[in-house]
Structure formats: C-alpha cells, structure tokens
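These are the residues of each chain, in order.
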Amino acid sequence: MCGIVGYVGPREATDVIVRGLELLEYRGYDSAGIAILEDAEFQMRRSVGKLVNLRRRLNTEPTAGHQGIGHTRWATHGAVTEANAHPHRDNSGRVVVIQNGIVENYLELKNRLIAQGIRFHSQTDTEVIAQMLGLYTAEYGDFQRAFGQVMSELRGGNAVVAMDQQQPDLILAARIGNAGAVVIGHGDDENFVASDLPAIVDYTQQMIFLEDGEMALVRSTGVEYIKLDGTPISKTTTTVAWDPVSAAKGGYKHFMHKEIFEQPRTTADTLRGRVDIDTGRIDLDGLTLSDAEMQKLDCIYAVACGTAWHACLINKYFIETLARVRVEVDYGSEFRYRNPVMNERTLLLALTQSGETVDTLAAMAEALEQGVKSVAILNAIGSQAGRLADGGAIYIHSGPEISVASTKVFTGMLMAGYLFALRLAQARGTLTSAEIREHIQALIEIPAKIDTMLKDTTQYDQLADLYHHSTDMLYLGRWVNAPIALEGALKMKEISYIHAEGYPAGEMKHGPIALIDERMPVICIATKDHVYEKMLSNVEQVLARGGKVIALVNPNDELVRSKAHHVIEVPETTPLLAAVLNVIPMQLFSYAMAVRRGADVDQPRNLAKSVTVE
C-alpha cells in the first residue's frame with residue numbers, strides 16, 4: 001500500500017507532489033522520494049523515514065519544474081534504505097519509475113537482466129521495471145511502446161507510473177490487476193496521477209479510474225487512454241462527490257463490497273517488508289520472540305472469537321504443517337474458565353481485528369498471569385492487545401474495516417498466520433531457505449489470484465436469484481477447508497439471516513445428512529488436495545439425497561463439474577493456501593444473498609463490530 005502522485009502542468013510540480021504525498025502518507029511511511037524533470041534532466045530526491053525528512057532535504061536541495069512523480073513507500077522487497085526508496089531509474093538515467101504492488105516474477109526477470117549485464121543498485125522489485133523499461137526504450141526508440149511491453153511481462157498486481165527525460169510533458173501510468181489503484185485527475189491545462197483521491201481532489205473533482213490492463217498517456221494538454229497493446233479506448237470522467245462517507249465507500253454500494261474488493265491490495269500489504277525471496281527469509285518486525293524461545297515451544301494456544309476463531313483453526317494447519325508445533329484452538333470466551341495448562345514451553349497466539357475484544361484480552365491476561373508470553377495477530381494499531389502481547393504483535397495492515405462482517409481482515413489474518421508459521425519454521429529448522437522461498441513465491445501470487453476471482457461476480461447474483469428463498473444451507477469442507485466451511489456459513493447467517501451450518505465433510509454422516517433434501521443448497525469445497533477424492537464422495541452423497549450442490553473447483557476439473565448443479569472456479573495454489581482463495585466465493589455469495597434479500601449488509605441486526613463486554 002504505497003502512495004503515488006504525478007503532475008504535469010503550469011504549477012511547481014514539487015509543491016503539488018509533496019502536498020499529495022502528505023495526504024497519502026497513511027499508505028506508506030518508511031521512505032519517500034520524488035523525481036522532477038528540470039531542464040531536460042531528472043532531479044531526484046529520496047529520504048528514509050516520514051515525509052518530513054524529504055521536506056527537509058528539499059529545503060536544502062530544492063527542485064524546480066512543471067512535471068514530476070512522487071512516492072511514499074511501505075517496503076515490500078528490500079530493507080528501508082535510501083537506495084530502496086522510489087523513484088528508481090535505469091542505468092542510463094533516462095527513465096524513472098514508481099510502483100505500488102508486487103512483481104511476482106521478480107526473480108525470473110532480475111536474473112534475465114543480470115545475464116544481459118545489467119547492474120542493480122537496490123534490493124527492490126521496482127528496479128526490475130525501471131531497468132527493463134530503459135532497455136526496451138533504447139531498443140524500440142519508443143517510450144510508450146516500451147512501457148506497454150514491460151507491463152505485459154509483469155506478473156502480479158501493479159500500479160506503475162513512469163517518465164522519460166527525452167519525452168517532456170508526458171507521464172505514463174498503467175494498472176495491472178486490482179492490487180494498486182490508479183486515478184487520473186483532469187484539470188485545465190494540467191493533469192494529475194494518484195493512487196488515491198485525497199492526493200488530488202483539492203485540484204480537480206473530474207476523475208477517471210484505470211481498470212486492469214489500461215494505460216494513460218498524461219500530458220498537460222490532455223490524457224489519452226489505451227490498452228497495453230496500444231488499442232485506443234474511451235473513458236468517461238466521474239465527478240467525485242467529496243463527502244467523507246462517499247469518499248470512504250469509493251463508489252461501492254456497501255462497505256462490505258468495497259472491503260471484499262480491497263483484498264488483492266490488503267493481502268499484499270500484509271506481506272510488505274516481511275519476505276525476502278532472494279534469501280528465503282521471513283522478518284516479522286513486530287515479533288520480539290527470540291529464535292531460542294521459538295525453538296523450545298511444544299504447544300501454542302490460539303484464541304479468538306467469531307471469524308477470527310476460524311482464522312485460528314486455519315492457522316493451526318499452517319503452524320503444525322510448516323513448523324511442527326502442536327496448536328490448540330480455543331474460544332476466547334471459554335479459555336480462562338477451563339483453567340488451561342500452560343508452562344514455559346507454551347505460547348498464547350491471540351487473533352483480534354480490533355485488539356479490544358474483551359474475551360481475547362482476558363485470555364491474554366490469563367497467559368500473563370501464568371508467566372506465558374503472548375503474540376497477537378491484529379489490525380488496529382495502538383490497541384490493548386498490541387500492548388499486552390509481550391511476545392510481539394503482527395499487524396496485518398488491512399486498514400479500517402467498516403462493515404461488521406469481516407472479510408479483508410480475515411484474509412489478512414491468514415496471510416499473517418502463514419508468515420508466522422514460516423518464521424517459526426525458520427527458527428526451528430523445519431524448512432530450509434530454499435523451501436521457504438517456494439512458500440514466499442506462493443504467497444506473493446495470492447493477491448493477483450484473488451484479483452482474477454473478482455473480475456466477474458455476476459455468477460453470485462445469479463445464484464442469489466435462485467436461492468434467496470432458502471431457509472437453510474449446509475457448507476462442507478475437509479482438512480484446511482473445513483474451517484472455510486464454518487466461515488462461509490457464518491457469513492451467510494450474519495448478513496442474510498439464513499440459517500446455515502458449516503461442517504467438516506467427514507462429519508456429514510454423523511447427523512447433518514438427515515437435513516439434506518431437494519430444498520437444501522449444499523456448498524462443497526472440492527478444490528484439489530490430498531483429500532479431494534474423499535470430498536468427491538461427499539458430493540455424491542449429497543446428490544443421492546437430492547441436495548443442490550454448489551461446488552468450488554479448480555479450473556479443468558471436469559469430474560466435479562459434471563456432477564454439481566453449479567460450480568465456482570478458484571485458481572490453483574498450494575494446498576494450504578487454498579484456504580485464502582476459497583473464502584472469497586463465500587464472501588461474495590453471502591453478500592449477493594444479503595443484497596437480494598434486502599438485508600442491512602454493513603450493519604446486520606443484533607451485531608457489533610467489536611465485542612468489548614462479556
């Protein structure tokens with residue numbers, strides 16, 4: 001979640017850009033930088049830390065010009081250093097680039113460039129873009145064509161903005177996927193680029209939002225819009241109504257809908273600054289447990305409430321599989337009442353969105369009283385859970401979640417839990433660096449895979465049209481997807497008010513099968529893993545009793561497709577990380593059902609966002 005600002009027009013570009021970056025500093029605050037085109041050469045200023053440090057540098061080393069780009073960074077690849085701060089330039093110094101996102105095929109591209117003799121000056125994935133752009137620009141003699149070519153070779157979700165010092169009065173911007181927004185502001189003889197509205201809304205309210213695979217050619221006299229292959233496209237400006245609620249919803253009808261669609265970005269944000277794919281290492285900055293403390297653990301109690309409890313169940317699979325530490329999952333509301341057995345080889349892992357959930361805090365207090373350290377996975381910075389976590393806090397950085405029904409925080413908890421499991425494995429030696437590198441690669445591909453699932457959601461509206469009169473639903477999953485079945489049922493219950501139950505599919509014959517008839521929709525999570533054949537058997541059992549099967553499947557699974565009444569395709573990933581992808585259809589389906597039934601999506605009856613009393 002980085003801040004991007006670009007400007008071309010009659011004003012002093014430095015003033016516009018730095019002011020915009022100040023308004024976006026919440027999106028990135030470990031370093032900042034600008035590049036201004038001054039007398040046909042780029043003047044770059046970069047600094048580590050908050051934006052005030054960049055301002056100080058500009059006071060001593062001022063720039064002047066009418067075209068430039070700026071960036072506030074939240075580190076993904078590489079440490080927090082001036083060399084890693086944006087903008088980045090190619091070795092010739094001709095082009096400069098800023099980026100929001102993760103280049104999934106960074107290692108592949110970097111190794112290719114090194115083989116061509118390119119020398120790198122930073123640890124970032126963004127420098128790969130700059131170096132490629134410089135090479136292609138020199139080869140083609142065409143900056144625009146080179147930019148489109150580079151964008152077509154990137155894999156992941158990216159917002160990229162670039163300038164060529166031989167092309168004055170031109171800024172190129174592109175969006176790939178949904179991991180980074182690109183907003184173009186249209187003014188009078190001036191135009192703007194930003195990653196979010198607050199940076200430029202003081203100058204214009206006429207905005208255009210780039211979609212996946214679109215480029216903008218931004219000049220002071222106007223803006224052209226094209227596809228990456230150069231095909232012209234027509235875009236319509238939107239007049240932004242700048243009131244706080246409308247701005248916060250960002251054009252979505254409900255906060256829940258917006259927060260579902262933020263997940264390509266928020267899952268990427270949870271990874272930022274914490275993974276090093278070059279070395280295969282995990283660095284959780286807020287974790288204070290030493291390697292020695294992690295090595296001696298023989299039990300972790302994972303405690304939470306509601307949706308976060310489901311995240312605990314999934315993190316149990318992550319930790320036990322990767323780090324080989326036993327995990328016991330408890331409801332926060334029950335933990336302290338059963339007099340839990342803890343000792344010096346025990347850790348409490350608390351999951352909480354708000355950091356103020358009373359039962360989870362009580363569990364942490366119980367651990368503290370018994371001399372056991374706690375680690376918290378949470379979203380709200382400055383909360384009580386963060387202060388109680390004497391083993392450290394892992395913040396998921398999802399930003400405010402307004403809707404009562406949790407979506408982006410849930411997937412953030414899974415991403416953070418997976419990172420914690422890898423960090424434990426690193427300390428305990430249960431995975432090699434090479435193996436951790438493979439897990440990191442799978443993790444950084446998750447945001448773009450979520451993005452593909454959000455391209456077309458009309459299928460969920462169609463399912464809602466068919467099943468909105470249902471009174472009961474059953475959700476089935478096995479292994480890591482059993483908790484996803486629980487989470488899917490909870491979402492359906494809490495926002496559409498339909499009675500829904502989630503079960504491990506192996507338990508179907510132990511009671512729930514009695515409920516299945518032709519009126520019962522059964523959601524079966526049947527993506528490929530080592531229990532796929534067993535899940536297929538459950539699908540057959542539901543069909544034999546007349547149930548309506550809605551199946552989650554991987555692409556090219558013709559077997560389940562031939563049996564189910566409806567299928568929802570989910571991209572393939574590693575078996576453990578399938579849980580992160582499989583929850584997305586659960587969120588979309590429950591949202592569509594709630595809208596179809598006319599329910600209050602963001603504020604469902606009888607529920608509150610944070611439960612701060614028993």
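Structure's up top.
These lines cover the structure that appears in this document, whether it is placed above or below.

About the cut-offs
Residues numbered from 1 in each chain as written. Predicted model: local features only at pLDDT ≥ 70, side-chain atom pairs only at ≥ 80, totals over all residues. Heavy atoms only, no water. Core = buried A, V, L, I, M, F, W, Y, C linked by side-chain atoms within 4.5 Å. Buried < 20%, exposed > 50% of the residue type's maximum accessible area, 1.4 Å probe, protein only. Helix = DSSP H or I, 4+ residues; strand = E, 2+ residues; numbered from the N terminus. Contact = heavy atoms within 4.5 Å. Pairing = 2+ DSSP bridges. Axes fitted to C-alpha atoms, helices over the stretch in contact; angles between N-to-C directions. 1 Å grid on protein atoms, 1.4 Å probe; cavity = no way out; pocket = protein on both sides within 12 Å on 5 of 7 lines; lining within 4 Å. Points joined across faces, edges and corners; volume = space filled by probe spheres on them. Salt bridge = Lys/Arg side-chain N within 4 Å of Asp/Glu carboxyl O.

### Quick notes on the nonpolar core
If you look at the biggest cluster of nonpolar residues, it comprises 126 residues, and the most contacted ones within it are Ile300, Ile319, Phe420, Met473, Tyr475 and Phe589. Looking at this core element by element, the count peaks at 14 residues for helix 14 (residues 408-428). When near neighbours in sequence (up to four residues on either side) are disregarded, Met473 contacts Tyr467, Met492, Ile498, His499, Ala500, Glu501, Met520, Pro521, Ile523, Phe589 and Met593. Counting residues in hydrophobic clusters, the runner-up holds 23 residues, among them Val161, Ala173, Ala216 and Val218.

### Looking at the sheet that holds strand 14 (residues 238-239)
The eight strands are arranged 3-2-4-1-10-9-11-14 in an open sheet whose pairing can be described as antiparallel. Each edge of the open sheet is held by one strand with a lone partner, namely strand 3 (41-48) and strand 14. Direction of pairing for strand 1 (residues 3-8) relative to strand 10 (residues 191-194): antiparallel, over a ladder of four bridges. Paired with Val5 across the bridge in strand 10 is Ala194. The strands touched by helix 2 (residues 51-60) within the sheet are strand 2 (31-38), strand 3 and strand 4 (67-73), with strand 3 carrying the most contacts at an inclination of about 135°.

### Digging into the environment of Leu348
As for its position among the elements, Leu348 is in strand 19 (residues 346-352). Taking the relative accessible area as the measure of exposure, Leu348 reaches 0% and is therefore buried. Along the primary structure Leu348 and Glu366 are separated by 18 residues, whereas in three dimensions their C-alpha atoms are 9.6 Å apart. Sequence-distant contacts of Leu348, that is, excluding residues within four places in its chain, are made with Tyr301, Val303, Phe335, Ala363, Met364, Ala367, Val372, Lys373, Ser374 and Val375.

### Some points on empty space enclosed by the protein
Counting across every chain of the model gives three cavities of 30 Å³ or more. Taken as a whole, the second largest cavity spans an internal volume of roughly 50 Å³. Every residue lining the second largest cavity is listed: Arg478, Asn481, Ile525, Ala526, Thr527, Asp529, Val531, Tyr532 and Met535.

### What to know about the side chain of Asp164
Looking at the element boundaries, Asp164 is found in strand 7 (residues 158-164). On the basis of relative accessible area, Asp164 is assigned to the buried category, the value being 0%. Here Asp164 is in contact with Phe42, Arg94, Val95, Thr137 and Phe143, once residues within four sequence places are set aside.

### With respect to the pattern of salt bridges
If you walk through the whole model with that rule in mind, you get 34 salt bridges. We note a salt bridge from Glu224 to Arg219, for which the minimum N-O separation is 2.8 Å. By relative accessible area, which is 26% here, Arg219 ends up partly exposed. Measuring nitrogen to oxygen at the nearest pair gives 2.8 Å for the salt bridge that ties Asp269 to Arg272. Exposure class is identical for Asp269 and Arg272. Each is buried. Salt bridges linked by common partners bring Lys258, Glu262, Arg265, Asp269, Arg272 and Lys408 together as one network.

Fair warning: the whole summary comes from geometry, so function is off the table for now.
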